[in-house]
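Structure at a glance
Okay, here's what each chain looks like letter by letter:
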Number of protein chains: 2
Amino acid sequence: MIKEAIYHRPKNNFAYGYDEKTIHIRLRTKKNDIDEVKLIHGDPYDWNGSKWSHERNIMMKSGSDELFDYWFIAVQPPYRRLRYGFELKAKDETMFFGEKGFLSSQPEDDIAFYFCIPFLNKADIFNAPAWVKDTIWYQIFPERFANGDESINPKGTLPWGSAEPTPTNFFGGDFQGIIDRIDYLKDLGITGIYFTPIFKAYSNHKYDTIDYMEIDPQFGDKAAFKRLVETCHAKGIKVMLDAVFNHSGYYLPQFQDVLENGKDSKYKDWFHINEFPIETEPKPNYDTFAFVPTMPKLNTENEEVKGYLLKVASYWIEEFNIDGWRLDVANEIDHSFWREFRKTVKAANPDVYILGEIWHDSMPWLQGDQFDAVMNYPFTSATIDYFAKGTINAEHFSNIINRVIHAYPEHVNAVQFNLLDSHDTPRILTLCNGNKDRVKLLLLFQMSFTGTPCIYYGNEISMSGGADPGCRKCMEWDESKQDKDMYSFVQQLITYRKHNNAFGNSGDFSFIETNNEKNYVVYKKSNANETLLFILNNSAKSIDGEFAFNGTIQSSENFWNA
Amino acid sequence: MIKEAIYHRPKNNFAYGYDEKTIHIRLRTKKNDIDEVKLIHGDPYDWNGSKWSHERNIMMKSGSDELFDYWFIAVQPPYRRLRYGFELKAKDETMFFGEKGFLSSQPEDDIAFYFCIPFLNKADIFNAPAWVKDTIWYQIFPERFANGDESINPKGTLPWGSAEPTPTNFFGGDFQGIIDRIDYLKDLGITGIYFTPIFKAYSNHKYDTIDYMEIDPQFGDKAAFKRLVETCHAKGIKVMLDAVFNHSGYYLPQFQDVLENGKDSKYKDWFHINEFPIETEPKPNYDTFAFVPTMPKLNTENEEVKGYLLKVASYWIEEFNIDGWRLDVANEIDHSFWREFRKTVKAANPDVYILGEIWHDSMPWLQGDQFDAVMNYPFTSATIDYFAKGTINAEHFSNIINRVIHAYPEHVNAVQFNLLDSHDTPRILTLCNGNKDRVKLLLLFQMSFTGTPCIYYGNEISMSGGADPGCRKCMEWDESKQDKDMYSFVQQLITYRKHNNAFGNSGDFSFIETNNEKNYVVYKKSNANETLLFILNNSAKSIDGEFAFNGTIQSSENFWNA
C-alpha cells in the first residue's frame, strides 16, 4: 500500500455537503494499489460507554486518472454531524486512514483520529439555480451576429461579412438583429444565450467599458434590450450578460478624471495607481489587465467602486430581468468582492446564474459562497486535444476527463459551463482542420457530458476561424453557405439531450473502455431508469470490435445517419 | 521519484498571500525521495514572443513528518500575479509538476500547465491583530478564580476551596476577586486573559446562556465588568470573552417561549425543532449541542438570530472595549455566519482577536475571512503525549509537530492559541502523574513554540485536577500551599519570551535532532539576529551526548537552576 499517495481533506471536492441531508465523501489512492475501501462513520457525540458508535460502508471506485483511483460514497448522517475515516485493504494489508494519518488498528476511543464534517449547515451548501443543469447555451458576440437596425451602425461600419474581422473593424451587429433571428435559435433548440459585453465601450468586443449602466449605442437602447430579453424569455431562452469588473476601459470617465487630475482626482482610489504622473510606456505604472494600458484594473476593495459595481450587478437583474452574469477575468478580483457580489445578485433574484471565467483549478471560488460555476477550460483542452488535434490518445483523454470530474463536487459539475471554443480561441472547425466528422465527435461528446454545453455562434453551420480576431467573423445568414447537415446534427443532439434524461445531467458519466490502438472511447450515462452507451470512433476508419457490457441493448442510434 | 506522493494545491497552507507583496509556496513530497526542488515562476502575461518569461529558484526543505518532506519558498511577484510550477530532481531523474500533473520536459509555451495565484488582493490576505503574536494568555474560569464580593454569592455557595468541584456546586468566584488579584497576574507576566463565559446562565460553567446581553449576577454587574476590563488594560492585559453562539441554554427566554407555545411561538425558527411537540427523551427532537437537551442549537441562518448574535458581538466590544472573542463549538456553526461575524467584529474594532474552538483541521476557517486562529489541539495532544504521558517517542513527536506547523500558513501559526490543558481536560500536573519536571518541560516547549501560549489558571502554582469537574478547583490563594518554585519557573519563561525576540514569534522553529533512545529533542528558534538552541531531556536521567550544530554558543541557561 502506497500510503503517501492516499489523499483526503474535507470541505472541497473530497468532502462536501451535497444537499440538506447528504454528504459526499471521496478518497484518492494510487492507481490499482488498493482493493477495497470502506468508510467508517458516525456521529461525534454518539458513544456507547467509552466506545464510539459507528458504521462501516463500502465505497465504490468512481474513476481513475493516470496516477490515481478515486473512491466515492454518499452518506446521510441522522444528526447532520459526521466523523469519518477509511479502512483500506490491499492484498493482506489493512490500514486505517484519518486526519492524523495511518494506523494498523482502528481507534475506537479517540475520534480526534478521524476526519470531520462538523455540521451540515444549509447556508453553506453549494446551491446553483435549478434551471441551469438543463440549459443548452449559445454564445453570441453581438457585433457579429446580425445587423437588424442600420440606423445605429457605428461610424465606418462595413457591409455585413464583406471583410475578414480585424481587431478594430465594425459590422454593426445589434439587438434588433438578434430579435429578428430568434426563431432560428429556437429552432436549433438552445435555451440560453451568453452575450459577450453589451455595455457602452470603445472597441468592437466591448471588454473596455465606458459606462456599465448604459447599453452600447451600436446595439440599441435600453428599450431594445428589454425587448430582446422579453423575446428570449418568450421563446424559453435565458439571457446571460458579461460583467467585466476586473478592469474598466480607458475611456471610463472616472479613469479619464484620474488621467486629467492625477493625485488630485477624487477617483484616484478607484484604480491601483502605483505612482503619479501616470505613464503607459514601456509598461503602465498602474495595474491593468495583463499589460494592456487601455484596461486599468478597478480597485474592487474601494467602497465606492464596490458600491458602483454591485449596483450594476443588481440593476440589470431588477430592471431587465437577466438570468445570469458571466464574470470576466474573475480570478483576479478579490474573493471578498465576489462574496458580496453573490449576496447582492441572489438578493435581487436567487435564480440568477453566476459563472466565472477561470481557466485553472477553481475550487476556491466554488465553495457555495461565490460562483455557481466556471468556464470549464480543462474539459475544453482535453476534448480538443483528443478529438480535434489528436495530440493525446484515448487513455490519456479519459485520464484527464476523470481528473476533471473529480476536481469538483458533483453538483458543481452539473452546472459547469462546457465550451469547446469561444471569441477567445480558434473555432472548432478550424481546430479540426476542416474535418467535420471530428467536429461532430466533439459536439457529441460535449452534449452528452456532465454540465451545460455551449455552442459558439455559427459552429452549427460550420463557420471557421482562427484565433481572435479570426473567430469573430460575421454570422453567415446566406442559407446557401450554411452547412445544413451540421445544423441538423446539432439540432438532433439537443433534441436527444432534452428527451433522454440520462443524456444530460440526470445521467452519471463513466468510461467503459478506452482503446489507444484502435482509437475509440466507450462511455455510459446512466441513471436508475436507463443506461445510454456511447461509442465514439476517433479514428479515420470504421472499426470492428467487442467490449464488455452487461445488459440488453434496447435500441441504437447511429448519429452519422442523422 | 514517487509522483503520487507529491502534493500541492493553491489557496490554503500550500500557497497563500503572506502580506501585500509576498506569496508563500510549499510543496509536499515523499520523505527522503527528492534531492532538490526549484520553483519555476513568472507573471502569466509576461511573454517573450511565444515563450513564457519566468525565473527559477531553489526551495528549502522546511521540515519532515512521518511520510513526507515539505519544501518552502517566499516570492514577491512584481505585478502581484503568479503562475508557477516545480522542477523536481531525484538522482538522475528530473520532472516538472504543475496543475495538470507531471511532465519530463518543461512546457514553455503553455501556462495552463502551471499552478496559479491569479492576483494578490489585499482584501483576501489573512490578517490577525498585530498584538496577538506577543501575547501570553491566562485562562480564567470565573466561578473558581477568586471570590471578592460575598454579597453576590449565588444561593448555596460553599466556602472557598472547602469541597471538591462537582458539576453543580458554586464557590462564588467573581469579577471583584479577579480585580483584587490583578497584581498577581501582572507579576506573573501574562498579557491576556481568556475568560470562559460570563453572561447570565444557569450552570457554574455558564455555557448555557440565559441572556447574552447581561453579566451573570454572581460575577457582578456591568459596572464591575467595566472596572475589570479597565483594570486589565491599565496593567497591559487584554481581555477575551467566550461567545457561546452554537447553542443557547434551556432557560433562554426565546427557547422557553418555544417550549410553552410550541409551533405558535414566534421564536420557533430560532432553533432547529424537528417536530412538535418538543420532547427531550430519549433523545431531544430538536438539534442540540451533542445530545444535551439543555443546550438547544441556535439557528444561525435565521435573520433574527443572526441580528441578535451580531449585536451581542459588537455590543461588548463597543461598550466594554474587550479585545477578543473565543468562539465555542465554532465548527458547527455555518461559515456564512462567521463571515458576517468577522465583518461585524472588525467594523467595531479591527484589533479584536477572533479565536475558534475547533479540535480538528481548521484550514476552511482560517482563510482570512473567518477566524484569526483556532485552539491548537493537535499541538496539545502531541505535546502531552510526548512530555506528559510518554506514549510517543521523540521522533514521532517531531513528526506530529512538523505536521502541525505545515498544516497552516505561517502567519496563522504565529497567532494560534497553544494550550496544554483547559476547563475541558485534565490539568497538566495530573497528566504528568504529579511529576513537576515533566510539567516544566511541557511549559518550556509551549512557551518557546510558534504561536501564543495559554496558561490554565493555577498551573503556575502546581494545581492538580482530573477531567471536568476535577480541573475546575478553586484557585489556591493560601501562599503556603502555592508552589513558588513553579511560579518562578513560569515567570522566568515569560520573561525570556518577552526579552528574547527569537524565543517567541520572531524566531523560526525547527528541530535539529530527535533521539528516541536517549529520549531528548533539540530544536532551535532563529531569526536574522540570533539563534536560540533548546535541548529538552525527556528522560528520567541526565544525558551525555553530542549533536551537530554550526556556530558559536554565546551563552547558555539551565532552566532547572532558575
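Residues numbered from 1 in each chain as written. Chains lettered and ligands numbered in written order. Predicted model: local features only at pLDDT ≥ 70, side-chain atom pairs only at ≥ 80, totals over all residues. Heavy atoms only, no water.

Below, the discussion takes up the overall build of chain A. On a plain count of helices and strands, chain A comes out with 12 helices and 25 strands. Against the compact-globule benchmark of 24 Å for 562 residues, chain A has a radius of gyration of 26 Å, which places it among compact chains. In chain A, which comprises 562 residues, the share counted as buried stands at 60%. For chain A, restricting intrachain contacts to residue pairs at least 6 apart in sequence, the fraction spanning at least 24 positions comes to 68%. Just so you have it, chain A exposes about 21700 Å², and 46% of that area is on carbon and sulfur atoms. Here chain A contributes 59 positively and 79 negatively charged side chains, and the mean placements of these two sets differ by 2 Å. (Helix = DSSP H or I, 4+ residues; strand = E, 2+ residues; numbered from the N terminus. Rg over C-alpha atoms; globule rule 2.2 N^0.38 Å. Buried < 20%, exposed > 50% of the residue type's maximum accessible area, 1.4 Å probe, protein only. Contact = heavy atoms within 4.5 Å. Areas by Shrake-Rupley, 256 points an atom, 1.4 Å probe, with all protein chains shown as cover. Lys, Arg positive; Asp, Glu negative; His and termini not counted. Charge placed at Lys NZ, Arg CZ, Asp CG, Glu CD.)

To continue, consider the interface of chain B and chain A. Contact residues are listed per partner, giving 60 residues for chain B and 59 residues for chain A. Summed over both partners, the interface of chain B with chain A comes to about 5200 Å²; 48% of that surface belongs to carbon and sulfur atoms. Contact with chain A buries surface across chain B, with Glu-4, Arg-9 and Tyr-45 of chain B losing the most and accounting together for 13% of the total. Our enumeration of links across chain B and chain A arrives at 10 salt bridges. Of the charged contacts in the structure, one is a salt bridge between Arg-339 of chain A and Asp-369 of chain B, with a shortest N-O distance of 3.4 Å. Here chain B and chain A share 37 residue pairs in polar contact (both at pLDDT 80 or more) between them. In terms of residues, the side of chain B that touches chain A owes the most to one element, helix 6 (residues 335-348) of chain B, which gives 5 residues. Per-class residue counts for the side of chain B that touches chain A are 23 nonpolar, 10 polar and 27 charged. (Buried area = accessible area lost by both parts, 1.4 Å probe. Salt bridge = Lys/Arg side-chain N within 4 Å of Asp/Glu carboxyl O. Polar contact = N/O pair within 3.5 Å; in protein donor to acceptor, adjacent residues only side chain to side chain. Nonpolar A, V, L, I, M, F, W, Y, C, P; charged D, E, K, R; others polar.)

Let us now look at the pairing of strand 24 (residues 520-526) of chain A. Residues and elements named next belong to chain A. In terms of burial, strand 24 is a largely internal element, 6 of the 7 residues being buried. In this structure, strand 23 (residues 508-515) lies alongside strand 24, joined through 7 bridges in antiparallel fashion. Bridged to Asn-515 within strand 24 is Tyr-520. Between strand 23 and strand 24, which pair antiparallel in sequence order, lie 4 residues; one of them, Asn-519, sits at a positive phi of approximately 65°. Here strand 24 runs beside strand 25 (residues 531-537); their pairing, made up of 7 bridges, is antiparallel. What sits directly across from Val-521, in strand 25, is Leu-536. Connecting strand 24 to the antiparallel partner strand 25 that follows it, the hairpin turn spans 4 residues. (Pairing = 2+ DSSP bridges.)

Attention now goes to the relation of the copies chain B and chain A. Relating the two copies of this chain is a rotation about some axis coupled with a shift parallel to it. For the pair chain B and chain A, the relating rotation is 180°, the translation along its axis is 0.0 Å, and the fit reaches an RMSD of 0.0 Å. Those values place the two copies in the arrangement expected of a two-fold rotation axis. The rotation axis passes nearest to the C-alpha of Ala-5 of chain B in chain B, at a distance of 2.4 Å. When you check the interface residues of chain B against chain A, 98% turn up at the interface there too, and the contact is symmetric in its surfaces. (Least-squares fit on C-alpha atoms with pLDDT ≥ 70 in both.)

This paragraph deals with the domain arrangement of chain A. Here the domain parsing of chain A yields domain 1 (3-124), domain 2 (137-246 + 322-503), domain 3 (247-299) and domain 4 (508-561). Each of domain 3 of chain A and domain 4 of chain A has a C-alpha centre, and these two points are 55 Å apart. (Domains from an automatic or database assignment.)

All names here are of chain B. By the secondary structure assignment, Asn-246 is in the loop between strand 17 (238-243) and helix 4 (253-261). Take Asn-246: its relative accessible area is 0%, and that puts it in the buried class. Here the side chain of Asn-246 touches His-247 through a polar contact of 3.2 Å, side chain to side chain. Engagement of the side chain of Asn-246 in a polar contact is seen with the side chain of Lys-297, the distance being 2.8 Å.

Residue and element names in this part refer to chain B. Strands sit in the order 23-24-25 across an open sheet of 3 strands; the sheet is antiparallel. Every interior strand has two partners, whereas the edge strands, strand 23 (508-515) and strand 25 (531-537), have only one. Each adjacent strand pair in this sheet contributes to an overall mean axis angle of 20°, direction not counted. Here helix 8 (residues 394-406) sits on the sheet in contact with strand 23 and strand 24 (520-526), set at roughly 160° to strand 23. (Axes fitted to C-alpha atoms, helices over the stretch in contact; angles between N-to-C directions.)

All names here are of chain A. Counted under the stated rule, the structure contains 62 salt bridges over all chains. With a shortest N-O distance of 2.8 Å, Glu-479 and Lys-484 are connected by a salt bridge. By relative accessible area, which is 52% here, Glu-479 ends up exposed. Within the structure, one salt-bridge network assembled from shared partners comprises Asp-242, Arg-326, Asp-328 and Glu-357.

The next subject is empty space enclosed by the protein. Using the criterion set out here, one finds 4 cavities of 30 Å³ or more in the structure. In this structure, the largest cavity encloses a volume near 60 Å³. In terms of lining residues, the largest cavity is bounded by His-360, Asp-361, Pro-364 and Trp-365 of chain A together with Arg-9, Pro-10, Lys-11, Glu-99, Cys-116 and Pro-118 of chain B. Residues of the lining of the largest cavity, tallied by class, amount to 5 nonpolar, 1 polar and 4 charged. (1 Å grid on protein atoms, 1.4 Å probe; cavity = no way out; pocket = protein on both sides within 12 Å on 5 of 7 lines; lining within 4 Å. Points joined across faces, edges and corners; volume = space filled by probe spheres on them.)

This paragraph deals with unusual backbone geometry. Along the chain, Phe-276 of chain B connects to Pro-277 of chain B via a cis peptide bond; the corresponding omega equals -5°. When you line up the elements, Pro-277 of chain B lands in the loop between helix 4 and helix 5 (303-318). Each neighbour pair has its own omega, and for Asp-468 of chain B with Pro-469 of chain B the value is 10°, a cis peptide bond. Structurally, the position occupied by Pro-469 of chain B is in the loop between strand 22 (452-456) and helix 12 (484-499). Positive phi outside glycine occurs at Lys-11 of chain A, with the angle close to 70°. Along the polypeptide, Lys-11 of chain A turns up in the segment before strand 1 (15-17). Positive phi outside glycine occurs at Lys-206 of chain A, with the angle close to 70°. Mapping Lys-206 of chain A onto the fold places it in the loop between strand 15 (199-201) and strand 16 (209-215). Assessed through its relative accessible area of 3%, Lys-206 of chain A is described here as buried.

Another point: the sheet that holds strand 14 (residues 192-195) of chain B. Residue and element names in this part refer to chain B. Reading across the sheet, the 8 strands line up as 20-19-18-17-14-13-22-21 and stay open at both edges, with parallel pairing between neighbours. Every interior strand has two partners, whereas the edge strands, strand 20 (373-374) and strand 21 (417-419), have only one. Of the pairings in the sheet, the one linking strand 17 to strand 18 (residues 324-327) comprises 4 bridges and is parallel in character. For Asp-242, the partnering residue across the bridge sits in strand 18 and is Arg-326.

This paragraph deals with the packing of helix 5 of chain B against helix 6 of chain B. Residue and element names in this part refer to chain B. Relative orientation of the contacting elements helix 5 and helix 6 amounts to 30°, with a least axis distance of 9 Å. Taken as axis vectors, helix 5 and helix 6 run roughly parallel relative to one another. Of the two possible hands of crossing, helix 5 and helix 6 adopt the one that is right-handed. Residues Lys-306, Leu-309, Leu-310, Ala-313, Ser-314, Ile-317 and Glu-318 of helix 5 pack against Phe-337, Glu-340, Phe-341, Thr-344, Val-345 and Ala-348 of helix 6. (Parallel < 35°, antiparallel > 145°, perpendicular 65-115°, else oblique. Left-handed = near helix turned anticlockwise from the far one by under 90°.)

In this section: the packing of helix 7 (residues 377-389) of chain B against helix 8 of chain B. Residues and elements named next belong to chain B. With their axes 10 Å apart at the nearest point, helix 7 and helix 8 run at an angle of 170° to one another. Looking at the two axes, helix 7 sits roughly antiparallel to helix 8. Contacts between helix 7 and helix 8 involve Pro-378, Phe-379, Ala-382, Thr-383, Tyr-386 and Phe-387 from the first element and Ala-394, Phe-397, Ile-400, Ile-401 and Val-404 from the second. When grouped by side-chain class, the residues that make up the contact of helix 7 with helix 8 number 10 nonpolar, 1 polar and no charged.

Residue and element names in this part refer to chain A. A large share of strand 22 (residues 452-456) lies buried, amounting to 5 of its 5 residues. Summarising the sheet, strand 13 (residues 137-140) and strand 22 pair through 3 bridges and their orientation is parallel. In the sheet register, Tyr-138 faces strand 22, and the bridge partner there is Ile-455. Note: strand 21 (residues 417-419) against strand 22, 3 bridges, orientation parallel. The partner of Asn-418 across the bridge, within strand 22, is Pro-453.

Moving on, we get to the side chain of Ser-203 of chain A. All names here are of chain A. For Ser-203, the position within the fold is in the loop between strand 15 and strand 16. One polar contact links Ser-203 to His-205, side chain to side chain, over a distance of 3.0 Å. A distance of 2.9 Å separates the side chain of Ser-203 from the backbone nitrogen of Lys-206, its partner in a polar contact. Leaving out residues up to four positions away in the same chain, Ser-203 has contacts with Phe-170 and Asp-208.

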